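Per-entry structural report
The residues making up each chain are set out below.
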2 protein chains.
Amino acid sequence: MAGIKDVAKKAGVSVSTVSNVINGRHAKMGARTLRRVQDAITELNYTPNSVARQLKSGHTKTLGLVVPSVANPFWGNVSQLIEKAALKRGYQVLICNAERDPQLEATYMNSLYGSSVRGTILGSSPVSFDHLREHSEKGMHIAAFDRTTQGAQGVVSCSVSVDQALGARLATRHLIGLGHKRIAFISGPIGTSSRIARLEGMRSELEKDGLILEDDMIWLGPNACGFGDSHAAELGRTAARELLTQDNPPTALFAVNDMYAIGACSGARELGYRVPDDLSVVGFDDIIMSKVMEPPLTTVRQPADQMAELIVANLIHTLEDEDGAEDPHVILRPELIVRNSTAAPKSHRERSHRAMP
Amino acid sequence: MAGIKDVAKKAGVSVSTVSNVINGRHAKMGARTLRRVQDAITELNYTPNSVARQLKSGHTKTLGLVVPSVANPFWGNVSQLIEKAALKRGYQVLICNAERDPQLEATYMNSLYGSSVRGTILGSSPVSFDHLREHSEKGMHIAAFDRTTQGAQGVVSCSVSVDQALGARLATRHLIGLGHKRIAFISGPIGTSSRIARLEGMRSELEKDGLILEDDMIWLGPNACGFGDSHAAELGRTAARELLTQDNPPTALFAVNDMYAIGACSGARELGYRVPDDLSVVGFDDIIMSKVMEPPLTTVRQPADQMAELIVANLIHTLEDEDGAEDPHVILRPELIVRNSTAAPKSHRERSHRAMP
DNA sequence: GCTCGTTGGTAATACGTTATACATACTACA
DNA sequence: TGTAGTATGTATAACGTATTACCAACGAGC
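Note that the structure is a prediction, hence the values are computed from the model and not measured.

Considering the protein's contact with DNA strand D
Surrounding DNA strand D, one finds 22 residues, the nearest of these being Thr17(A), Gly30(A), Thr33(A), Ile4(B) and Arg53(B). Each atom of DNA strand D within 4 Å of the protein was assigned to sugar, phosphate or base; sugar and phosphate come to 62%. Measuring from a phosphate oxygen of DNA strand D, one finds a backbone N or O atom of Gly30(A) at 2.6 Å. In this structure, Arg25(B) approaches DNA strand D through a side-chain N or O atom, which is 3.4 Å from a phosphate oxygen. Residue assignment for the surface near DNA strand D shows that the elements contributing at least two residues are α2 (15–22) and α4 (50–57) of chain A together with α2 (15–22) and α4 (50–57) of chain B. The element contributing the most residues to the surface near DNA strand D is α4(B), with three residues.

Description of the packing of helix α1 (residues 4–11) of chain B against α2(B)
Residue and element names in this part refer to chain B. Following both chains from N to C, one finds α1 and α2 inclined at 105 degrees, their axes separated by 8 Å at the closest point. On the basis of the axis angle, α1 is roughly perpendicular to α2. On the side of α1, the interface is formed by Ile4, Lys5, Val7 and Ala8, while α2 contributes Val15, Val18, Ser19 and Ile22. Along the lines of polarity and charge, the residues of the contact of α1 with α2 split into six nonpolar, one polar and one charged.

Comments concerning the state of the cysteines
Counting across every chain of the model gives zero disulfides over all chains. Here Cys96(B) stays free of any disulfide, with the sulfur of Cys96(A) as its closest cysteine sulfur at 13 Å. No disulfide involves Cys265(B); its sulfur sits 16 Å from the nearest other cysteine sulfur, which is in Cys265(A).

Quick look at the packing of α2(A) against helix α3 (residues 31–44) of chain A
Residues and elements named next belong to chain A. For the pair α2 and α3, interaxial distance at closest approach is 10 Å and the crossing angle is 85 degrees. Considering the angle they form, α2 stands roughly perpendicular to α3. Contacts between α2 and α3 involve Thr17, Val18, Val21 and Ile22 on the former and, on the latter, Thr33, Leu34, Val37, Gln38 and Ile41. Here the contact of α2 with α3 is built from residues that sort into six nonpolar, three polar and no charged.

Some details on the pairing of strand β5 (residues 156–162) of chain B
Residues and elements named next belong to chain B. Of all seven residues in β5, six are buried; the element is thus mostly enclosed. Relative to β5, strand β4 (residues 141–145) runs parallel, the two sharing four bridges. Paired with alanine 144 across the bridge in β5 is serine 159. As paired strands, β5 and strand β11 (residues 329–332) are joined by four bridges and run parallel to one another. Bridge pairing in β11 links valine 160 to valine 330.

With respect to the protein's contact with DNA strand C
Taken together, the neighbourhood of DNA strand C is formed by 23 residues, with Ile4(A), Tyr46(A), Lys56(A), Thr17(B) and Thr33(B) sitting nearest. Close to the protein, within 4 Å, the atoms of DNA strand C belong to sugar or phosphate groups at a rate of 65%. In the model, a phosphate oxygen of DNA strand C is placed 2.5 Å from a nitrogen or oxygen of the Ile4(A) main chain.

Observations regarding the sheet that holds strand β6 (residues 183–186) of chain A
Sheet strands pair via backbone hydrogen bonds, and the direction of the pair is either parallel or antiparallel. All names here are of chain A. As summarised here, the arrangement of the six strands in space is β7-β6-β8-β9-β10-β12, forming an open sheet in which the pairing is mixed. Of all the strands in the sheet, just β7 (218–219) and β12 (335–337) have a single pairing partner and so form its edges. In this sheet, strand β10 (residues 298–301) lies alongside strand β9 (residues 280–285) in parallel orientation, the contact comprising four bridges. Within β10, the position partnered with valine 282 by the bridge is threonine 298. With respect to the sheet, helix α11 (residues 258–270) is in contact with β6, β8 (252–255), β9 and β10, its orientation differing from that of β9 by roughly 155 degrees.

Here we look at the environment of Gln153(A)
With respect to the helices and strands, the residue Gln153(A) is situated in the loop between β4 (141–145) and β5 (156–162). The spatial distance from the C-alpha of Gln153(A) to the C-alpha of Asp285(A) is 26 Å, given a sequence separation of 132 residues.

Parameters and conventions
- Residues numbered from 1 in each chain as written.
- Chains lettered and ligands numbered in written order.
- Predicted model: local features only at pLDDT ≥ 70, side-chain atom pairs only at ≥ 80, totals over all residues.
- Heavy atoms only, no water.
- Near = heavy atom within 4 Å.
- Polar contact = N/O pair within 3.5 Å; in protein donor to acceptor, adjacent residues only side chain to side chain.
- Helix = DSSP H or I, 4+ residues; strand = E, 2+ residues; numbered from the N terminus.
- Axes fitted to C-alpha atoms, helices over the stretch in contact; angles between N-to-C directions.
- Parallel < 35°, antiparallel > 145°, perpendicular 65-115°, else oblique.
- Contact = heavy atoms within 4.5 Å.
- Nonpolar A, V, L, I, M, F, W, Y, C, P; charged D, E, K, R; others polar.
- Disulfide = S-S within 2.5 Å.
- Buried < 20%, exposed > 50% of the residue type's maximum accessible area, 1.4 Å probe, protein only.
- Pairing = 2+ DSSP bridges.

Shown next as structure tokens:
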């Protein structure tokens, strides 16, 4: 309610002087005047209106962050890490839950652009970037998080991601090493580039051993379902039930992320399967929950804190310097964390036993 | 980059005319002019600058949301529900992770106020509202979520919460009914009103049966620790380890929320305890994970979706109508969800067994 | 022919802040 | 005394939009 003018009037100085005080330009200012202005500010409980401020300056110290949904613990965690990294550099962040919906993403992007945001971080999103091209052309800097930038030339200014295919290969290799031959992949709708990469990584690793990823070993959720991430665990549960009740069920599951994996464990248990004795499960992400659940989940870790730091640093760099980040496209190595949800398949163990004595 | 002026120039009309088109006031406007303006808008790829718009109109259709941390799945979920409820009514929401820190809360509140936000929803926060009084006086409408409004007269305009003490009593009664006598309470730093209410609810229910909540049955985390919610599971794990290794350990745990409960289960297992055979655990919130973990967690459900709807509706109502919401302070009933993490204590079962035959 | 209302549009101003350029008063020095 | 130099402030034009008041043209009714 109180504006800079009110402060000026109360202190008996000009608006400009108050502005100078606010912005720390009181180097060459009378001590008495400075004092009076400060008193007036506290007395009127004055807060500068940043809307007006940014209208003037043309840009905000604000980053957009578009994620599938903060209800998914992975993205909730990432959001917080990104916010912290941004805050450290004097930037705020606007979080948007786009539910992997291109339409929604575009809407949010428009709204961000209208709020003078000129840099936004895009969490795992649809393969195509076409719906965002116009924003990029208008001057929005887009940073891709957790996805390749394939098909995004010119619209994405920087990116940070784990090598998705490698992560999938590590998981698959681990399962193959344990003796599994029939391994299923479970995921929701596979419309995003990171999910495709994980599926293909798994397929290619299997093929190295002459194994083939059959169609009945790929579970991609109900057709055309627009579920956000809130239902991931639920879907994982359904996936396990359907896969395990079919003829010739898998002995191991590779889930596209930890929430699906956790749900799958639950679904398997309901059918009387024990994890890992009767079924091995590998996840992706290494969310906090994975360490703490029963059994602790074998999973592929994404170094979320490091990724958050990098993406924020790079985006701000491209925003502030004209010449862009020195290394705009970072790909990190994921790490396989072996815990207790994986073991040799039953048949294999029995064979080994017989062979042993 | 393209402003309303550019559109006007391109269409050969005045700025005001374009403004009229944008805001749907083209009722009595020449079809040809309208057409030209619309063409110019799409051609220039024009997006209205909402910063300028709100500077003019003085207020934004934006709500603040201050939560401990979206990295906690409960708050992540709540945030998404609140965002959805707000969007439905044409409002955006700004999410802030304040880590239960009064200082940070005040900082965020200032920043929100400076962004012309005049209504914010405050997730479980410190007991005292003193640090927010000044904002309330400046005209910020504050809605309390998941907490009582005690000590908040005049600063909070509406609130939605579950009856925290009742929830704790339901949980405690359930454990007492199973035969537990030595029940521990685990929580992080107990600086928030909802946590105090849960602790006191438990204490009072125990006393109904002549049971006393000893000091060594209350675990409140490391002294003066400023942890946000990211570490809740970790803390729960530590809690269980410390409580179970002391003399005369508890037979049941009531955790202040599900994340602590899940962590506690993990910690107990590491010590060789089986849940629920050797130790019963009850949580609070009923996050998605609770249903899906092993064993499924007995917990006190907060109807998060309903709460989100109510708080948003009430806050917007007080914002738009001068006379405030008709029922500004809603207290809902929590519900005990009995799953598989609770059972009769061992001693009790043995006694029963001996008595049986 | 005159006023009046209607239709389709324009011009000007305000919103709260910042930045630029300029004004004053005082000091130092020739 | 005049000139330059140096502190210390101030006036004012943007920023992009929304609103208010206003204007022109054109019939219609008197």
